[in-house]
Every structure is written in structure tokens, then in C-alpha cells.
Amino acid sequence: MSVEMSKPVPRPGILDIAAYVPGKEHVPGVARVYKLSSNETPLGASPKAIEAFKAAADTLARYPDGQAVELREAIAAVHGLNPANILCGNGSDELLGLLCHVYLGAGDEGIITEHGFLVYKIQILGAGAVPVVVREKDCTVDVDAILAAVTEKTKIVFIANPGNPTGTYVPVSEIRRLQAGLPKHVVLVLDAAYAEYVRRNDYEAGIEVVSSNANVVMTRTFSKAYGLAALRVGWMYAPAEIVDALNRVRGPFNLNAPAIAAGAAAIRDQAFVQQAVSFNQMWVETLTRALEAIGLKVTPSVGNFVLIHFPEIDGKRAADADEFLTSRGYILRAVRGYGFANALRMSIGPEEANRGVIAALSEFMGHQS
């Protein structure tokens, strides 16, 4: 005799998933707050993107282009790609979820690294699969550790390159070695959300690797260097067969019209992007030097943030620093969930915020200038 349930019940495993928690934004009682917890660009969006967004208001009664042709063609033109190999999503988060939905099932395994983006684990679990976490080496993805974790159940591997919250990166030679060592049916996902900021000769976001292999995809976002975080615009470059598979389950109008228009205008304005990248590079270097000078350890970063490690001393730990900074209006990101119990991640902000954090942490550490 079956037992009647009193309410809808999610399938097993769903309620065991820890929901993603964004960085905090507000501090009660503090008038001026600098949000440095979400890796947003302090330069905002391109004026051309803002203009395109406003113009889209004239056609709000119409459905958007379900294929996002304007945006895909703009991306293709800037990067020299075939638009047929580009799929756009409601942020790259949606694309990561679609990949898990399409290529994972109950009992399958997805490999992630210990400091990788928390959304990977959430989406793997959401697909009913098993996340396999491998250790990183010096806060950097370890290719040998990943290859050693591959089993007959492995169906997907997620690599954030550069990593978040570490800011470290894997050279393209290592990415190629990883791909060569994986079984051909395993999908290698290169999440290059911060690729625009990297200025290293041995780095490649993934376009070359995708172009020469049938099991590699690259995801990118407009939320960072392009300043369109509010619009949720992401894209993927992938083999035609993978694009076709995801298109079969993708929502028919997953990008709204203002996002498509603003994204296309933003990526065409590469001069504005370079201004943002130059500003970022200068401040990553300046902050790193300044924070190290007052006795803090900073993981070398190629992204638009720095990972700051605090001493194991009562009153000087990351939680203490977080409380101290927050009381002064500087919101950084606690990264305990990423495996760093005694560190804070600081996004590069406007000049006054960056200088303010340096001054505040100097006071916190008792540094005499």
C-alpha cells in the first residue's frame, strides 16, 4: 500500500545542495559603502553598450531573437570565430548548467578542483551526478591530479582559468596536456571568465584548444571586463555537435533583447575594454605591493581581484579583518567556502576604495608608515 505524500518533494539529493551565496552588498549604519566582493569592474559599462541598452526600450513588447544572432556575430567578428560554434546564455552560469544537464546523469562523475567556482559542484549535483574534488597545487590547478582522478564514470571536467578566488592560471601547454590525457568522450570545460584581464604570453583562453578538439568547450562572460553583470550575458565557443545538443534543451528566449543589444555593442568597443584592463593591471600590482609591505600574503593574480591571506594570530585573522573593514564601509569577500578559512578576496575597485582598503588594513595590522 503506497503512502500518500502531503506535499511535493524534490528528488533525492536536491535539498542536500548548499545554495550559492553571493557577496554581501550592504552595511547597516555605514553611509558610504564600497562593494569589493563580486569582481565587478569599477569602470562600468561602455557608453556604447549603455546607449544600445536604452535604444532597446523601444521594442520591449517584442520577443528577443531566440538565436541572439547580433550578439553571436559580434563575438565572432572580434575573436575571428564561426558564429555557428557560439552559443549565448543568461550568464555563463546558464551554460555551465546546460552542460551538466546534457552530459551528466545519475552515477556519472564530474571533476572539479578544490578552489574552483562553487557553481560547478551545484550543477553537477543538480544533474544527479557525483562531484569529484581534486587538490590544487600552490592555489593552482594541478593537471596531474585531475588525470589521476579520472575513472570510467568521469563525463566532464571543469577548469576555471584563471581561477577564482585564487587569481592563478594554467599555461596553455598544460591545458593541452590535460586534454590529451582525457578520454575522448569526457567534456573539458574551460571557464575563462577573467580571460580579458590576463597578460601572460603562455596563457590562451581556450579558443585554439576548442578549435582543434571535439571534446573541449570555452565559456566566457560579459559580467567582468565588459561591465554588464546586471544583464547576465555569457557565451560559449564549442564544437558544432555540443552546440547542437545544448540548443535542444536551451530555453527558446534565454537572452533578453536589451542584453543582446548591449552585449554586441560592448564587445565591439574594444578600446573601452582595454582601458578597463589597463586600470586593473595597474591596481593589481599596486595593491599586491602595498599589502605585502604591511605583512600580508597575496596570491599572485592575473584576474581583477586579489586573494589576501591573514596571519594565524588572534585578532589578526581574516574574520577580524572582515569585521574591521566592513565597519569602515569596505566589503570584501570571505572565501571559507572555497577552502580559504583565513583569507579575503578583494575586487579591484575605484581608486579611492583601493587606497582606502590599503590604509584600513595598514591600521588593522598595526603597520607604521
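Residues numbered from 1 in each chain as written. Predicted model: local features only at pLDDT ≥ 70, side-chain atom pairs only at ≥ 80, totals over all residues. Heavy atoms only, no water.

A short note on the packing of aromatic side chains
Here is step 1 of the chain: One pass over the structure, following the stated rule, counts 9 aromatic pairs.
Here is step 2 of the chain: Ring centres of F117 and Y120 lie 5.6 Å apart, and the angle between their planes is 90°; on these two criteria the pair is classed as edge-to-face.
Here is step 3 of the chain: By relative accessible area, Y120 is classed as buried at 1%.
Here is step 4 of the chain: Pairwise contacts between aromatic rings join F117, Y120 and F158 into one cluster.
Here is step 5 of the chain: Directly above the ring of F324 sits R328, whose terminal nitrogen or CZ lies 3.6 Å from the centroid.
Here is step 6 of the chain: R345 extends its terminal NZ or CZ atom over the ring of F305, reaching a point 5.9 Å from the ring centre. (Phe/Tyr/Trp six-rings, centres within 6.5 Å; stacked < 30°, edge-to-face > 60°. Buried < 20%, exposed > 50% of the residue type's maximum accessible area, 1.4 Å probe, protein only. Lys NZ or Arg CZ within 6 Å of the ring centre and 35° of its normal.)

Here's the deal with the sheet that holds strand β13 (residues 343–347)
Here is step 1 of the chain: Taken together, the 4 strands give an open sheet; going across it, the order is β9-β10-β13-β12, and neighbouring strands pair in antiparallel fashion. The open sheet terminates on both sides in strands that have one partner only, identified here as β9 (297–299) and β12 (333–334).
Here is step 2 of the chain: Examined bridge by bridge, β12 and β13 share 2 bridges and lie antiparallel to one another. Within the sheet, the bridge partner assigned to R333 lies in β13 and is R345. (Pairing = 2+ DSSP bridges. Helix = DSSP H or I, 4+ residues; strand = E, 2+ residues; numbered from the N terminus.)

Some points on the nonpolar core
Here is step 1 of the chain: If you look at the biggest cluster of nonpolar residues, it comprises 59 residues, and the most contacted ones within it are L71, I159, F222 and W235.
Here is step 2 of the chain: Sorting elements by how many residues they give to this core places helix α9 (residues 257–268) first, with 6 residues.
Here is step 3 of the chain: Once residues lying within four places of it in the same chain are set aside, the contact partners of W235 are I75, H79, L81, I86, L87, C88, L95, M218, T219, R220 and F222.
Here is step 4 of the chain: Ranked by size, the runner-up nonpolar core spans 30 residues in total, among them C100, L246, L307 and A343. (Core = buried A, V, L, I, M, F, W, Y, C linked by side-chain atoms within 4.5 Å. Contact = heavy atoms within 4.5 Å.)

Let's talk about the side chain of N354
Here is step 1 of the chain: With respect to the helices and strands, the residue N354 is situated in helix α12 (residues 351–365).
Here is step 2 of the chain: Setting aside residues up to four positions removed in sequence, N354 forms contacts with W283, L287, M346, S347, I348 and G349.

So, the pattern of salt bridges
Here is step 1 of the chain: A full pass over the atoms with the stated rule returns 13 salt bridges.
Here is step 2 of the chain: Two residues, K35 and E40, come together in a salt bridge whose shortest N-O distance is 3.0 Å.
Here is step 3 of the chain: On the accessibility criterion, K35 (25% relative accessible area) is partly exposed.
Here is step 4 of the chain: Overall, the relative accessible area of 33% leaves E40 in the partly exposed class.
Here is step 5 of the chain: As a salt-bridge pair, E196 and R220 come within 3.1 Å of each other at their nearest N and O atoms. (Salt bridge = Lys/Arg side-chain N within 4 Å of Asp/Glu carboxyl O.)

Thoughts on the UniProt feature "domain: Aminotransferase class I/classII large" (unreviewed entry) in the protein
Here is step 1 of the chain: Sites flagged by UniProt as "domain: Aminotransferase class I/classII large" (unreviewed entry) map to residues 33–360.
Here is step 2 of the chain: The span residues 33–360 is 39% helical and 17% strand by assignment, and the distance between its end C-alpha atoms comes to 14 Å. (UniProt positions renumbered as here; feature names shortened; annotations may be inferred.)

Some thoughts on the UniProt feature "modified residue: N6-(pyridoxal phosphate)lysine" (unreviewed entry) in the protein
Here is step 1 of the chain: This chain's UniProt record puts "modified residue: N6-(pyridoxal phosphate)lysine" (unreviewed entry) on K224.
Here is step 2 of the chain: The topology assignment puts K224 in the loop between β7 (216–221) and β8 (233–237).
Here is step 3 of the chain: Given the relative accessible area of 14%, K224 is considered buried.
Here is step 4 of the chain: Beyond its immediate stretch of four places on either side in the chain, K224 contacts S38, N39, T41, A193, Y194 and Y197.
Here is step 5 of the chain: A polar side-chain atom of K224 sits 3.5 Å from the main-chain carbonyl oxygen of S38. (Polar contact = N/O pair within 3.5 Å; in protein donor to acceptor, adjacent residues only side chain to side chain.)

Some points on the pairing of strand β4 (residues 130–134)
Here is step 1 of the chain: Taken together, the 5 bridges between strand β3 (residues 109–113) and β4 define a ladder with parallel strand orientation. The residue of β4 that forms the bridge with I111 is V132.
Here is step 2 of the chain: Following the backbone out of β3, through helix α4 (residues 118–126) and into the adjacent parallel β4, one traces a crossover that is right-handed. (Right-handed = clockwise from strand over helix to strand, strands pointing away.)

Here we look at the packing of helix α3 (residues 91–103) against α4
Here is step 1 of the chain: Two elements in contact, α3 and α4, have axes whose closest approach is 9 Å; the angle formed by their N-to-C orientations is 35°. Seen along the crossing, α3 lies across α4 with a hand that is right-handed. Across from D93, L96, G97 and C100 in α3, the residues of α4 making contact are V119, Y120, Q123 and I124.
Here is step 2 of the chain: Taken together, the residues of the contact of α3 with α4 break down into 5 nonpolar, 2 polar and 1 charged. (Axes fitted to C-alpha atoms, helices over the stretch in contact; angles between N-to-C directions. Left-handed = near helix turned anticlockwise from the far one by under 90°. Nonpolar A, V, L, I, M, F, W, Y, C, P; charged D, E, K, R; others polar.)

Looking at the pairing of β13
Here is step 1 of the chain: Counting buried positions along β13 gives 5 out of 5 residues, so the element sits mostly inside the fold.
Here is step 2 of the chain: The alternating pattern of β13 places A343, R345 and S347 on one face and L344 and M346 on the opposite face, and all of these are buried.
Here is step 3 of the chain: Pairing between strand β10 (residues 305–309) and β13: 5 bridges, direction antiparallel. Note on β13: the bridge partner recorded for I308 is L344.

A word on the environment of Y203
Here is step 1 of the chain: Positionally, Y203 belongs in the loop between β6 (187–191) and α7 (207–211).
Here is step 2 of the chain: Overall, Y203 belongs to the buried group, its relative accessible area being 12%.
Here is step 3 of the chain: With 14 residues separating them along the chain, Y203 and V217 place their C-alpha atoms 16 Å apart.
Here is step 4 of the chain: The contacts of Y203, once residues within four sequence positions are left out, are N161, P162, Y169, V170, A192, A195 and V198.
Here is step 5 of the chain: A polar contact is formed between the side chain of Y203 and the backbone oxygen of N161, at a distance of 2.8 Å.

Focus: helix α11 (residues 318–327)
Here is step 1 of the chain: By the burial criterion, the buried members of α11 are A318, A321, D322, F324, L325 and T326.
Here is step 2 of the chain: The inward-facing, buried residues of α11 contact β11 (330–331), β12, β13 and α12.
Here is step 3 of the chain: Residue G329 follows α11 closely and has a positive phi angle near 90°.

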